[in-house]
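In case you want the letters, here they are:
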Amino acid sequence: MNLPDLFRNLYLQYFKLVYNVAIQYVQNTEDAEEITQDVFVKVHEKLDTFKREADIKTWIYRIAINQSLDFIKAKKSQKRWSFLSALSLDNNERPIEISHFNHPGILLEQNESMQKIFDAINRLPDNQKTVIILLKIEQNSMTETADIMKLSYKAVDALFQRAKKNLELLLTPNEEI
Amino acid sequence: MKSKSSNRDMNHIFDSLAKITQADPKRDLYSGVMERIEFQNKIPISWVASTTAVLVLFISTEFLYLNYSERKIANQSQLLSLMPQGDNLLYHE
């Protein structure tokens, strides 16, 4: 199979997975689509250098996670800059907040409660957020999660326990990490 | 008791997270990916990187050269100031 065909097949096989991983991180369809595009551009770039040390699904998962985390970081620094520039602007000229909670996998009647849960997940450190997404939303097994995160089974278990505890604190009113 | 109830709460939260359904992206996503790849192919990253490297090298060489010649001029003027200043006037004039 030549490279363009291989790439197209990979896209058809994994675009849904990548899009759904991205949406768990950003909870916004537009941002998730942008991340999905970035992920596949990266996959295309690195496809000829991909060594079969890792399973291709695990490899794509890792790219999707890193790209989502990078996207969030970039957006945060962008927000910081727009906040600073907003201080020097008039009220009428202030930039509009673009990212809003828009998760297509959630039922409308659960939207409010799920937004609260995602707000708490978003406040967790990156690796704790990832472990919750991989284990509890994407429903990967502990072994698969360990493989994707390049951690041992024990480390994933410990990380999950910490994430669970922190999430519980964040979801309890008036509690901080 | 408290930990039992909080465990129940967390299990309830994880149950609702597990119920999140898979979403479908819009259909023209693939063409967007291909457009980005084609754009990247038009301007290869290696070309951009090498041009940047040449520019940085040129600017730093220029900077070093300017620094060196400034120092050279400064040294020359220091040397001149150390030399005894000859009086060109002759006594019999």
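Values in this document were obtained by computation on a predicted structure and should not be read as measured data.

Reading the values: the criteria
- Numbering of residues starts from 1 in every chain and runs along the sequence as written.
- Both sets of labels track the order of writing: A upward for chains, 1 upward for ligands.
- Only residues with pLDDT of 70 or above have their local features reported here, since the model is predicted, and side-chain atom pairs are shown and tallied only from 80 upward, although totals for entire chains, interfaces and linings are computed over all residues.
- Each side-chain value is worked out from all heavy atoms of the structure, with water and hydrogens disregarded.
- Counting from the N terminus, the helices are the DSSP runs of H or I reaching at least four residues and the strands are the DSSP runs of E reaching at least two.
- Accessibility here uses a 1.4 Å probe with only protein chains present; expressed as a share of the type maximum, an area under 20% marks a residue as buried, one over 50% as exposed, and anything in between as partly exposed.
- It only takes one pair of heavy atoms within 4.5 Å for two residues to be counted as in contact.
- Each accessible area is a Shrake-Rupley estimate made with a 1.4 Å probe; only the visible protein chains count as cover when residues are assessed.
- What is called the bend at a residue is the angle between a pair of axes, fitted to the seven residues leading up to and ending at it and to the seven starting from it.
- A helix is expected to reach a length of 1.5 Å times the quantity of its residues less one.
- Per-residue confidence from the predictor is given as pLDDT, running between 0 and 100.
- Surface patches are drawn from residues lacking salt bridges whose relative accessible area is over 30%; two like charges belong together within 9 Å, two nonpolar side chains (Val, Leu, Ile, Met, Phe, Trp, Tyr) within 5 Å.
- Salt bridges are identified by distance alone: a Lys or Arg side-chain nitrogen within 4 Å of an Asp or Glu carboxyl oxygen.
- Amino acids outside the nonpolar list (Ala, Val, Leu, Ile, Met, Phe, Trp, Tyr, Cys, Pro) and the charged list (Asp, Glu, Lys, Arg) are all regarded as polar, and Gly is one of them.
- In this description, a nonpolar core means a group of buried Ala, Val, Leu, Ile, Met, Phe, Trp, Tyr and Cys residues linked to one another through side-chain atoms lying within 4.5 Å.
- Any pair of Phe, Tyr and Trp rings, taking the six-membered ring for Trp, is counted once the centres come within 6.5 Å. Such a pair is stacked with planes under 30 degrees apart, edge-to-face with planes over 60 apart, and tilted for the rest.

**Quick notes on the overall build of chain A**
Part 1: A count of helical and extended segments in chain A gives seven helices and zero strands.
Part 2: Its helices and strands in sequence order give chain A the pattern α-α-α-α-α-α-α, from N to C terminus.
Part 3: Out of the 177 residues in chain A, the part that is buried amounts to 45%.
Part 4: Restricting the contact set of chain A to residue pairs at least 6 apart, pairs at least 24 apart contribute 62%.
Part 5: With an accessible surface of roughly 10,200 Å², chain A has 50% of that area assigned to carbon and sulfur atoms.

**Focus on helix 1 (residues 3–26) of chain A**
Part 1: When the local axis directions of helix 1 of chain A are compared, the greatest deviation, roughly 55°, occurs at Tyr14(A).
Part 2: Positive phi appears at Gln27(A), one or two residues downstream of helix 1 of chain A, with a value of about 50°.

**Re helix 5 (residues 126–137) of chain A**
Residue and element names in this part refer to chain A.
Part 1: Taking 1.5 Å as the rise per residue, helix 5 with 12 residues should run 16 Å; its terminal C-alpha atoms sit 15 Å apart, in good agreement.
Part 2: Within helix 5, nine of the 12 residues are buried, which leaves it mostly tucked inside the rest of the structure.
Part 3: Looking only at helix 5, the buried set comprises Gln128, Lys129, Thr130, Val131, Ile132, Ile133, Leu134, Leu135 and Ile137.

**Comments concerning the confidence of the model for chain B**
Regions with low pLDDT carry predicted coordinates that are not meant to be interpreted in detail.
All names here are of chain B.
Part 1: Residues with a pLDDT of 70 or more make up 84% of chain B, whose mean pLDDT is 82.
Part 2: Per-element averaging of pLDDT across chain B places helix 1 (residues 2–18) at the bottom with 83 and helix 2 (residues 29–42) at the top with 87.
Part 3: Scored as a complex, the prediction yields pTM 0.74 and ipTM 0.81.

**Details of a nonpolar patch on the surface**
Part 1: Where nonpolar side chains cluster on the molecular surface, the patch consists of Phe39(B), Ile43(B), Trp47(B) and Val48(B) and spans about 440 Å² of accessible area.
Part 2: Mapping Phe39(B) onto the fold places it in helix 2.

**A word on the interface of chain A and chain B**
Part 1: Contact with chain A, which involves 35 residues of that partner, is made by 24 residues of chain B.
Part 2: The interface formed by chain A and chain B includes three salt bridges.
Part 3: The shortest N-O distance in the salt bridge between Asp24(B) and Lys16(A) comes to 3.2 Å.
Part 4: Residue assignment for the side of chain A that touches chain B shows that the elements contributing at least two residues are helix 1, helix 2 (29–46), helix 4 (111–122), helix 5 and helix 7 (153–171) of chain A.
Part 5: Among the elements that line the side of chain A that touches chain B, the one with the most residues is helix 2 of chain A, at nine residues.
Part 6: A per-class count over the side of chain A that touches chain B returns 17 nonpolar, eight polar and 10 charged.

**Some thoughts on the nonpolar core**
Part 1: Val43(A), Phe118(A), Val131(A), Ile132(A) and Leu17(B) are the most contacted members of the largest nonpolar core, which totals 64 residues.
Part 2: Of the residues forming this core, the biggest block, 12 residues, is contributed by helix 1 of chain A.
Part 3: In this structure Ile132(A) touches Ile121(A), Leu124(A), Ile137(A), Phe160(A), Ala163(A), Leu167(A), Phe14(B) and Leu17(B), once residues within four positions along its chain are discounted.

**Brief notes about the pattern of salt bridges**
All names here are of chain A.
Part 1: Under the defined criterion, the tally for this structure stands at five salt bridges over all chains.
Part 2: Asp31 is the salt-bridge partner of Lys75, the closest N and O atoms lying 3.3 Å from each other. Placement of the pair is Lys75 in helix 3 (residues 56–87) and Asp31 in helix 2, with a sequence separation of 44 residues.
Part 3: The class of Asp31 is buried, set by a relative accessible area of 7%.
Part 4: Salt-bridge contacts for Asp126 lead to Lys129; the nearest nitrogen and oxygen are separated by 4.0 Å.

**Describing the packing of aromatic side chains**
Part 1: Across all of its chains, the model carries seven aromatic pairs over all chains by this definition.
Part 2: Ring geometry for Tyr11(A) against Phe15(A): centres 5.1 Å apart, planes inclined by 10°, an arrangement best described as stacked. Pair noted here: Tyr11(A) and Phe15(A) are both in helix 1, with a separation of four residues, about one helical turn.
Part 3: The class for Tyr11(A) is buried, based on a relative accessible area of 5%.
Part 4: Ring geometry for Tyr11(A) and Tyr30(B): centres 4.7 Å apart, planes at 55°, overall tilted. With Tyr11(A) in helix 1 and Tyr30(B) in helix 2, this pair bridges two chains.
Part 5: Looking at Tyr30(B), the relative accessible area reads 18%, which means it is buried.
Part 6: Site record: aromatic cluster; members linked through ring pairs are Phe7(A), Tyr11(A), Phe15(A), Phe40(A) and Tyr30(B).

**A word on unusual backbone geometry**
All names here are of chain A.
Part 1: The phi dihedral of Gln139 falls on the positive side, at around 60°, and the residue is not glycine.
Part 2: Inspection of the secondary structure assignment puts Gln139 in the loop between helix 5 and helix 6 (142–148).
Part 3: One non-glycine residue, Lys150, lies in positive phi territory at about 55°.
Part 4: With respect to the helices and strands, Lys150 occurs in the loop between helix 6 and helix 7.

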